[in-house]
Amino acid sequence: MKRRELKAFAYIAPALVMALLFSYLPLIRSFISSFLTISQSGQIRGFAGFGNYIRLFSDDAFIRSIGHTIIFTLLFVPLNTVLTTAAAALTRRKRKMSPVAEFIFLSPMAVSLSAYAIVFSEMFRGRISIINRMFSTDIAWLESPGTAMLVLVILGVFLDFGIDYILLLSAFRSIDKDVIDAARLDGAGPMQSLFLIELPMIKPMLSATVFMAIKDALLISAPVMVLTEGGPFRSTETVMYYYYLEAFRSGNRAVESTIATLSVSISIAAMAAISLRRRHARKDF
Amino acid sequence: MKKLLSYLLVVLTAFPLIAMGSSESGKEIVTIWHCSSGRAGTALEEIIDEFNSTIGEEKGIEIEAVYQGLANDVITKVKAAASADISSLPDIAQLDATACLDMMNADYLYTIDELGIDTSDIMPQAMGAFTSYKGLLGMPFSCSLLLAYYNKTLFDSLSLKAPETLDELTAIAPLLGEKDSSGNVTRYAFAGVPTTYELGAFIGAQKGLSYFVDMENGHQGTPTEVLFGKEGTFRNFLEHWKALADTGYLNSIPSGTTAEFASGRAAMILASSSNLTRILADVSGRFEVGTAFVPKTDENATGGVNIGGEALFCYSDSDAVKTVIEYLISTEVQMKWSQATGYVAVNTEIYSNPEYIAFLESNPAYSKAIEQAEASNPKVVGIWLPSAYQIYYSFQSNIMEVAAGSITIDQAVDNMVSIVQTALDEYARANID
């Protein structure tokens, strides 16, 4: 038994060492730093108490960035889920022309994030933009606050589309054919089959993609960086972009450590809540 | 296993040798992190290739230029490198004014005075932009300044001259603008929202010379107090700006102004003189482009504009670095550089060079920038602030909101004073003894 335990530890040791070095130690350091005043070059200059946290929450820009992140999440997650599920549902039956549809829906995965963000910024730039020409609209997409957020959401959906589509499609296709055939024999139409049989059966995968979307939305920063730089007028500044500006552009260690500590605490709390619920749910069975 | 370990050891010990600054040919390597892309990037490559095949060959020096993104990407990387390991810094970095405060307080920077490079031929306005109480922090290299661009064909057809003050612009705005039958504006008199860069002129030039913050805009030490509030300079600017907005022909867009200008939807914009070549290309002869001095905030705002752009900051005091810097500001290089990019040549010897005079005569738009630089008070300098990025966007938001009428001028002034003062206090708390 002892030997087996040792062996088990030996197997997880590399991962444990990595996690310790790159996750847990920095985490503890950030936590301690968040109560200290630290200079740009990393010198500790004194104890700050809750000063760094008070500073963070008294910054209008930070409060607004939380608002922007929530708006983005509320727009992005439902839109992303509905669109990818619809695309996967429409193309779930393997047919002769399936590869064409699959290729189209998967192609967003083949190009890098920043390349897409740059293409988007060119397509939506100014009133004389390509998009305005195509749809004969007259909107300054990236120059007015509301629409810039919308463009960001569209870009976000586009970036996540490929991976979500492939996950959902494979979930649809791995459903046991017998179940669907049985339903059809019992008189279920295509709509009933989709909504009452197939969708419930891919629920685990669906929830995985929803959680991934939530995570991506809450942590969004790179598309903001390339597409809008938080603008116009700081209207698309998300929490992570605010963090990037303060920590990396301005070398503000007070903000760096407090946001890191807060975001990790929130995700630990969320994970704890989820696992508690799951434990309760299992007891109910 | 032992064999594997010994291989690993050999590789590990050899690695630092490869990473050290000497190439296979035994030349001393000088690394430059730069932010020149497009036209400027090509020109810089040519300039560096020429060095490597001539002076470099002779003296055993090789320049290795690495493009690191925009100027503020370069400073982000420089700071990251410095806090990780000083030896990972490049020898030279091309940085703009947003880097100056950090560089002034950085112990790993060698000033141009410490390197002992002769600066007697460098344009004083360009030197002022990068001079601190510690001396010249970086060698001005790619310098530019704010310039007014206007649709000369349109102005001529209305027999108008480029406005000299904001009030003049406000007065002619209804003439320059145009509406369609349903009342939508199809051409604005002006497009853009001023922010830190433009305010350098709109605030800096007031009363001949005004500072945003104490310590001469941070050049004489880390700033501690906001001045644009209590001296009333920001309010004065906002009052004139609001009057322009109230004509209905001000298009408050924060970006994409050159596209609006080139498509004829804006009669006038402000942009860096270094954009001239690109703007001329975008307009591509659809109308004549005029360049003019930046309109003054009021009659008494006579300070002109500050010089912006980038300088070369050194993190090594070797003779090789000195040689490279001296090469890059030499008359031949600066002449080539400014003609290829539209940057203002920093070496004043060039201005008496017949070849350069001929170039300016055939490109009058370029000479306006130099004229304006020379007419400006060398004391009108860019602002060195912490959190420059956030302050830049905050100025933009507040000025836009005043123009749109969603906040009052008082509120905007209070907001900006408090935002900048907080940034100053925070920086001082963490970084100053």
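Residues numbered from 1 in each chain as written. Chains lettered and ligands numbered in written order. Predicted model: local features only at pLDDT ≥ 70, side-chain atom pairs only at ≥ 80, totals over all residues.

**A short note on the overall build of chain A**
Link 1 in the chain: The secondary structure content of chain A amounts to 13 helices and two strands.
Link 2 in the chain: For chain A, whose C-alpha radius of gyration is 24 Å, the value lies well above the compact-globule estimate of 19 Å for 285 residues.
Link 3 in the chain: Expressed along its principal axes, the backbone C-alpha trace of chain A runs to roughly 75 × 70 × 35 Å.
Link 4 in the chain: Put simply, chain A has 285 residues, and 30% of those count as buried.
Link 5 in the chain: Relative to all contacts within chain A whose residues are 6 or more apart in sequence, the contacts with residues 24 or more apart total 68%. (Helix = DSSP H or I, 4+ residues; strand = E, 2+ residues; numbered from the N terminus. Rg over C-alpha atoms; globule rule 2.2 N^0.38 Å. Buried ≥ 20, exposed ≤ 12 C-beta atoms within 10 Å, placed from the backbone. Contact = placed C-beta atoms within 7 Å.)

**Section: the interface of chain B and chain A**
Link 1 in the chain: Contacts between chain B and chain A engage 23 residues on the former and 25 residues on the latter.
Link 2 in the chain: Every element with two or more residues in the side of chain B that touches chain A is listed here: α4 (71-84), α13 (257-262), α19 (388-404) and α20 (409-431) of chain B.
Link 3 in the chain: The greatest single-element share of the side of chain B that touches chain A, amounting to six residues, is contributed by α19 of chain B.

**Some points on the environment of phenylalanine 395 of chain B**
Link 1 in the chain: You can see phenylalanine 395 of chain B is positioned in helix α19.
Link 2 in the chain: In this structure phenylalanine 395 of chain B touches Thr195, Thr196, Leu199 and Met416 of chain B, once residues within four positions along its chain are discounted.

**Points about the domain arrangement of chain A**
Residue and element names in this part refer to chain A.
Link 1 in the chain: Domain boundaries in chain A define domain 1 (2-52) and domain 2 (64-284).
Link 2 in the chain: For domain 1 versus domain 2, the separation of C-alpha centres amounts to 31 Å.
Link 3 in the chain: Counting residues at the interface gives nine residues for domain 1, matched by eight residues for domain 2.
Link 4 in the chain: Of all the secondary structure elements, the ones that give two or more residues to the side of domain 1 that touches domain 2 are α1 (2-33) and β1 (36-38).
Link 5 in the chain: With four residues, α1 is the largest single contributor of residues to the side of domain 1 that touches domain 2.
Link 6 in the chain: Its residues assigned to classes, the side of domain 1 that touches domain 2 comprises three nonpolar, six polar and no charged. (Domains from an automatic or database assignment. Nonpolar A, V, L, I, M, F, W, Y, C, P; charged D, E, K, R; others polar.)

**Focus: the environment of serine 174 of chain A**
Link 1 in the chain: Of note, serine 174 of chain A is situated in the loop between α7 (145-173) and α8 (177-185).
Link 2 in the chain: Residues serine 174 of chain A and methionine 201 of chain A, 27 residues apart in the sequence, show an inter-C-alpha distance of 9.9 Å.

**Concerning the packing of helix α2 (residues 38-53) of chain B against helix α16 (residues 331-341) of chain B**
All names here are of chain B.
Link 1 in the chain: For the pair α2 and α16, interaxial distance at closest approach is 9 Å and the crossing angle is 160°. Taken together, the axis directions place α2 and α16 in an arrangement best described as roughly antiparallel. Read as a crossing pair, α2 and α16 show a hand that is right-handed. Together, Arg39, Ala40, Ala43 and Ile47 of α2 and Val333, Lys336, Trp337, Ala340 and Thr341 of α16 make up the contact between the two elements.
Link 2 in the chain: Taken together, the residues that form the contact of α2 with α16 break down as six nonpolar, one polar and two charged. (Axes fitted to C-alpha atoms, helices over the stretch in contact; angles between N-to-C directions. Parallel < 35°, antiparallel > 145°, perpendicular 65-115°, else oblique. Left-handed = near helix turned anticlockwise from the far one by under 90°.)

**What to know about unusual backbone geometry**
All names here are of chain A.
Link 1 in the chain: Here glutamate 229, not a glycine, exhibits a phi torsion of approximately 50°, which is positive.
Link 2 in the chain: Mapped onto the fold, glutamate 229 is located in the loop between α11 (222-227) and α12 (239-249).
Link 3 in the chain: On the basis of neighbour counts, which here come to 18 C-beta atoms within 10 Å, the residue glutamate 229 falls in the partly exposed class.
Link 4 in the chain: Phi is positive for phenylalanine 233, close to 55°, though the residue is something other than glycine.

**Concerning the packing of helix α12 (residues 233-246) of chain B against α20 of chain B**
Residue and element names in this part refer to chain B.
Link 1 in the chain: Where α12 meets α20, the closest approach of the two axes is 10 Å, and the angle between their N-to-C directions is 140°. One element, α12, and the other, α20, form an angle in the oblique class. Handedness of the α12/α20 crossing: right-handed. Where α12 abuts α20, its residues Phe234, Arg235, Leu238, Glu239 and Lys242 lie against Ile409, Ala412, Val413 and Met416.
Link 2 in the chain: When the residues that make up the contact of α12 with α20 are grouped by side-chain class, the tally is six nonpolar, no polar and three charged.

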